[in-house]
Amino acid sequence: MKQAKIIGVGHYLPDNIVTNDDLSKLMDTSDKWIQERTGIKERRFIKEPYEQSTAIMGFEASKMAIDRAGIKPEDIDLIVFATMTPDYYFPGPGVIIQKLLGIGHVGAIDVRAQCSGFMYGLSIADQYIKTGMYKTVLLIGSETQSTALDLTTRGRGTATLFGDGAGAAIIQASEEEGKGILSTHLHSQGEFAEKLYMKTPGTGKTKFIYDGIEKDYDNIFGYMDGQLVFKNAVVRFPQAVMEELNANNLSLDDLDMFLPHQANLRISQFAQRTLKLRDDQIFNNIQKYGNTTAATIPILLSELWAEGRIKEGQVYVLAAFGSGFTWASALIKW
Ligand code: COA
């Protein structure tokens, strides 16, 4: 059976930096509150006239990943695009990327697993490569959160957490035994579907567009039970790391780096303490970008790649948790 290896990663972030102080001019919040609760100092928002979008940021990240992988767009034989903020209600952004990159008539899969989307996509890419069906997969996680946030005091519980950005990876078949993506695990818990969700646009139990929709607050902005999300995330992250290590007969001593989805620095720190990881075994960048949902993990990977910190033979666990609830992980040996 083939192994699947990440051979290039890239990312893209809008230039427009929005600090906590900038947000405190729009709503009743403060740099102190946001940093104490989340660790976030600033995030990036696309801005009017909105020349960027989820697909366009994904395209920019893809170009960097393709370049670093040393391949050509025509080498890609499957596109997997993870996002919860697509450009259109339909079609999904996978086909827009195909058009922008000028790739031939390959398949384009859109993944709806929110913060876990990139990890779900990594597992999909891994399976297609392992079975031999595809050789080179482009995987993208990209999000435009800013245009759907309530940037008033009413929305401060969620609006202060999220940011825009994109990351991408090229995953390719390899003959090298024992290297690459060694395992992935996917989980979901639908009983909590409405504990972190956005009802509209949607077709369920509400008319898609009707007069007065603005009156139904939870319909037009996302709803989050923040404390429930927090309590579940701090349990699921350590569980996911141990599930990956156990599946490969490895222990925490073998782990070079844990890359957690960037939901909240306090969640990452809680997981770090639970697992007793050293500071150099975990990497966070939420301070600069906020929570970019499906894009956080490929952005982390791309920054590490740029800094030359990913070394051959190192063992990484990547894990995400989010709306659904969904959570997913992978163990990679570089
Ligand atoms: N600025 C200032 N005050 C704020 C605020 C903000 N941005 N947001 C909420 N508050 C206020 C609340 O109104 C509340 O005030 P009250 O006590 O007068 O009613 C108080 O702060 C505490 O609110 P609460 O929601 O209980 O705060 P918390 O300690 O649970 O922290 C989160 C809120 C969102 C930071 C935290 O629950 C969290 O991080 N959860 C996980 C979220 C997450 O990761 N989501 C993405 C999933 S992938």
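The structure presented is a predicted model; accordingly, all values stated were derived computationally and were not measured. (Residues numbered from 1 in each chain as written. Predicted model: local features only at pLDDT ≥ 70, side-chain atom pairs only at ≥ 80, totals over all residues. Heavy atoms only, no water.)

### Section: the environment of Gly102
Summarising the element assignment, Gly102 is placed in the loop between helix H4 (94–101) and strand S5 (107–111). Sequence separation between Gly102 and Ile170 is 68 residues; the distance between their C-alpha atoms is 16 Å. (Helix = DSSP H or I, 4+ residues; strand = E, 2+ residues; numbered from the N terminus.)

### Here we look at the sheet that holds strand S11 (residues 257–260)
Hydrogen bonds between backbone groups are what pair the strands of a sheet, and the pairing can be parallel or antiparallel. Taken in spatial order, the four strands line up as S8-S13-S12-S11 in an open sheet, and their pairing is mixed. Looking at strand neighbours, the two that pair on one side only are strand S8 (180–188) and S11, the edges of this open sheet. Geometrically, the sheet is characterised by an average inter-axis angle of 15° between neighbouring strands, direction not taken into account. Across the sheet, helix H11 (residues 296–306) is in contact with S11 and strand S12 (315–322); its angle to S11 comes to roughly 140°. (Pairing = 2+ DSSP bridges. Axes fitted to C-alpha atoms, helices over the stretch in contact; angles between N-to-C directions. Contact = heavy atoms within 4.5 Å.)

### A look at the sheet that holds strand S4 (residues 78–82)
Spatially, the five strands line up as an open sheet ordered S1-S7-S6-S4-S5, and their pairing is mixed. In this open sheet, the two edge strands, each paired with only one partner strand, are strand S1 (3–12) and S5. Here the average twist between neighbouring strands, direction ignored, is 20°. Running at roughly 170° to strand S6 (residues 136–143), helix H5 (residues 117–130) makes contact with S1, S4, S5, S6 and strand S7 (165–174) of the sheet.

### Points about the domain arrangement of the protein chain
Domain annotation for the protein chain reports domain 1 (3–174) and domain 2 (180–333). Domain 1 and domain 2 are separated by 14 Å when their C-alpha centres are compared. Taken together, the contact pairs 59 residues of domain 1 with 48 residues of domain 2. Each partner contributes to the roughly 4,000 Å² buried at the junction of domain 1 and domain 2, and carbon and sulfur atoms together form 64% of this total. Across the domain 1-domain 2 interface, the total number found is 21 residue pairs in polar contact (both at pLDDT 80 or more). At the level of secondary structure, the elements contributing two or more residues to the side of domain 1 that touches domain 2 comprise S1, helix H2 (31–38), strand S3 (42–44), helix H3 (54–69), H5, S6, helix H6 (156–159) and S7. (Domains from an automatic or database assignment. Buried area = accessible area lost by both parts, 1.4 Å probe. Polar contact = N/O pair within 3.5 Å; in protein donor to acceptor, adjacent residues only side chain to side chain.)

### Points about the site of the ligand
The full set close to the ligand counts 22 residues, and Thr29, Arg37, Gly226, Gln227 and Asn264 are the nearest of them. A distance of 2.6 Å separates a nitrogen atom of the ligand from a polar side-chain atom of Thr29. Between Asn264 and the ligand, the recorded distance is 2.6 Å, taken from a side-chain N or O atom to an oxygen atom. Isolated, the ligand exposes 960 Å² of accessible area, and the fraction of that covered by the protein chains is 70%. (Near = heavy atom within 4 Å. Areas by Shrake-Rupley, 256 points an atom, 1.4 Å probe, with all protein chains shown as cover.)

### A word on the environment of Gly202
Inspection of the secondary structure puts Gly202 in the loop between strand S9 (196–197) and helix H7 (217–220). When the C-alpha atoms of Gly202 and Leu13 are compared, they prove to be 28 Å apart, with 189 residues separating the residues in sequence.

### A look at the packing of aromatic side chains
Within this structure, the stated rule accounts for nine aromatic pairs. Their ring planes at 80° and their centres at 6.5 Å tell us that Tyr197 and Tyr223 sit as a pair that is edge-to-face. Placement of the pair is Tyr197 in strand S9 and Tyr223 in strand S10 (residues 223–224), with a sequence separation of 26 residues. With relative accessibility at 25%, the residue Tyr197 sits in the partly exposed group. A relative accessible area of 29% means that Tyr223 is categorised as partly exposed. Aromatic pair Phe237 and Phe258: ring centres 6.4 Å apart, planes at 65°, arrangement edge-to-face. Linking Phe237 in helix H8 (residues 226–247) with Phe258 in strand S11, this pair joins segments that are 21 residues apart in sequence. (Phe/Tyr/Trp six-rings, centres within 6.5 Å; stacked < 30°, edge-to-face > 60°. Buried < 20%, exposed > 50% of the residue type's maximum accessible area, 1.4 Å probe, protein only.)

### Observations concerning the pattern of salt bridges
Two side chains carrying opposite charge are able to pair once their charged atoms lie near each other. What the rule picks out here adds up to 13 salt bridges. The partner of Asp150 in a salt bridge is Arg154, with the nearest N and O atoms 3.4 Å apart. The class of Asp150 is buried, set by a relative accessible area of 7%. In this structure, the salt-bridge partner of Lys288 is Glu303, at a minimum N-O distance of 3.3 Å. With Lys288 in helix H10 (residues 286–289) and Glu303 in helix H11, this pair connects stretches of sequence that are 15 residues apart. (Salt bridge = Lys/Arg side-chain N within 4 Å of Asp/Glu carboxyl O.)

### Remarks on H8
One full turn of an α-helix is made of 3.6 residues, so residues set three or four places apart face in the same direction. An ideal rise of 1.5 Å per residue puts 32 Å on 22 residues; H8 measures up with 31 Å between its terminal C-alpha atoms. Of the residues flanking the end of H8, it is Asn249, one or two places downstream, whose phi is positive at about 55°. (Expected span 1.5 Å × (residues − 1).)

### Observations concerning the packing of H3 against H4
Put simply, H3 and H4 touch, their axes get as near as 10 Å, and they point 55° apart. Taken together, the axes of H3 and H4 lie oblique to each other. Regarding H3 and H4, the two cross each other, and that crossing is right-handed. Here H3 contributes Ala55, Ile56, Gly58, Phe59, Ser62, Lys63 and Ile66 to the contact with H4, which in turn contributes Ile96, Ile97, Leu100 and Leu101. Tallied by class, residues from the contact of H3 with H4 come to eight nonpolar, two polar and one charged. (Parallel < 35°, antiparallel > 145°, perpendicular 65-115°, else oblique. Left-handed = near helix turned anticlockwise from the far one by under 90°. Nonpolar A, V, L, I, M, F, W, Y, C, P; charged D, E, K, R; others polar.)

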